[in-house]
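# Results of the structural survey
Each chain, letter by letter, is given below.
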Amino acid sequence: MKIALLTRNPKLYSHQRLIETAARRGHEMVPIDYLKCYMNITSKNPELRYLGETLEGFDAVIPRIGASHTFYGMAVLRQFEMMGVYPVNESVAIGRSRDKLRSLQLLARDGVGLPVTAFAHDSKRTDDLLAIVGGAPVVIKLLEGTQGIGVVLSETHKSAKSVIEAFHGADIAILVQEFIKEAEGRDIRAFVVGRTLVATMERKGSKGDFRSNLHRGGSASMIELTPLEKATALKAARSMGLNVAGVDMLRSDHGPVVMEVNSSPGLEGIEKATGVDVAEAIIRFIERHARPGRTRTKGKG
């Protein structure tokens, strides 16, 4: 097969692993900088061009779109979909997962365990917001933040109120969530491919940091999930309509709670922590499912 890899940096570990694995299994993978693509949006004959050449003959596309370029990256991916190229993750599903508020609403609708979350535009409702999530300490998140950036732990009512009102004053959208103290700075990353949980790891934040992101200096190790945690991870990916997803969960006193469903999860941390060949699982999934015209969204909403 001929597979397009939408990425701005093909030298990253995750992308090198996908390219090498595809080649080993007899496929041609072509890295494409989606910001250098341009498209001819015409009736019945959609066309995509890259560096002066028409992109054609592709059987599948793996979108690895950076959060800061979601809008244009999704436009390029939609053009591939219109051309009948099979997307590992569909544009609609990526859009759901990238919108923190919408993703939480969809997960809540489907009964997936979540931390208590509040959202409002009116800064006069700050006290009500804090009461909804059980009071301080609370976690305050920017809707546009990634990799632990834009996440603040406010330990007192006064400090939380100041942070919330400051963000509202700058017209910055935020979520306010209960702080899962019992997680002790640890979270779970469950890597889902299709309907299978292929690898799981526990991440622990660096000393003094409640965030467990590896990009923030955290560490990772292999972990065995409970049946409920496994079911929660699979249900969360299915709610978003994602075929490949990194589901981030915390162990709370009221069961597993999903923090985020990532549509472009990195491979390095989880492959090194678990020894699982996640790249091969993704390529095998493409081999089983890539057929022209299979681009109809699987999710709802």
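Note that this is a predicted model, so its numbers are computed, not measured.

Conventions adopted
Residues numbered from 1 in each chain as written. Predicted model: local features only at pLDDT ≥ 70, side-chain atom pairs only at ≥ 80, totals over all residues. Heavy atoms only, no water. Helix = DSSP H or I, 4+ residues; strand = E, 2+ residues; numbered from the N terminus. Expected span 1.5 Å × (residues − 1). Buried < 20%, exposed > 50% of the residue type's maximum accessible area, 1.4 Å probe, protein only. Pairing = 2+ DSSP bridges. Salt bridge = Lys/Arg side-chain N within 4 Å of Asp/Glu carboxyl O. Phe/Tyr/Trp six-rings, centres within 6.5 Å; stacked < 30°, edge-to-face > 60°.

Turning our attention to helix α9 (residues 278-289). Residues separated by three or four positions in an α-helix point in the same direction, a consequence of the helix having 3.6 residues per turn. With 12 residues, α9 should reach 16 Å at 1.5 Å per residue; the first-to-last C-alpha distance of 17 Å fits that figure. For α9, the complete set of buried residues consists of V278, A279, E280, A281, I282, I283, F285 and I286.

With that settled, consider the sheet that holds strand β6 (residues 60-63). Taken together, four strands build an open sheet; the order of strands is β2-β1-β6-β7 and the sheet is parallel. Looking at the sheet topology across the chains shown, the edges are occupied by β2 (28-32) and β7 (86-87). Bridge count between β6 and β7: two bridges; the pairing is parallel. Residue pairing in the sheet places V61 in a bridge with P87 of β7.

What follows is about the pattern of salt bridges. Considering all chains together, one arrives at 18 salt bridges under this definition. R49 is the salt-bridge partner of E47, the closest N and O atoms lying 2.8 Å from each other. Take E47: its relative accessible area is 17%, and that puts it in the buried class. Salt bridges sharing common partners tie together R17, R24, E271, D277, E280 and R284.

Here we come to the packing of aromatic side chains. Evaluated as defined, the whole model comprises one aromatic pair. Ring geometry for F58 and F80: centres 6.0 Å apart, planes at 90°, overall edge-to-face. Note that F58 is positioned in the loop between β5 (53-54) and β6 and F80 in helix α2 (residues 70-82), a separation of 22 residues in sequence. Assessed through its relative accessible area of 0%, F80 is described here as buried.

It is worth stressing that arrangement in space is one thing and function is another; only the former is reported here.
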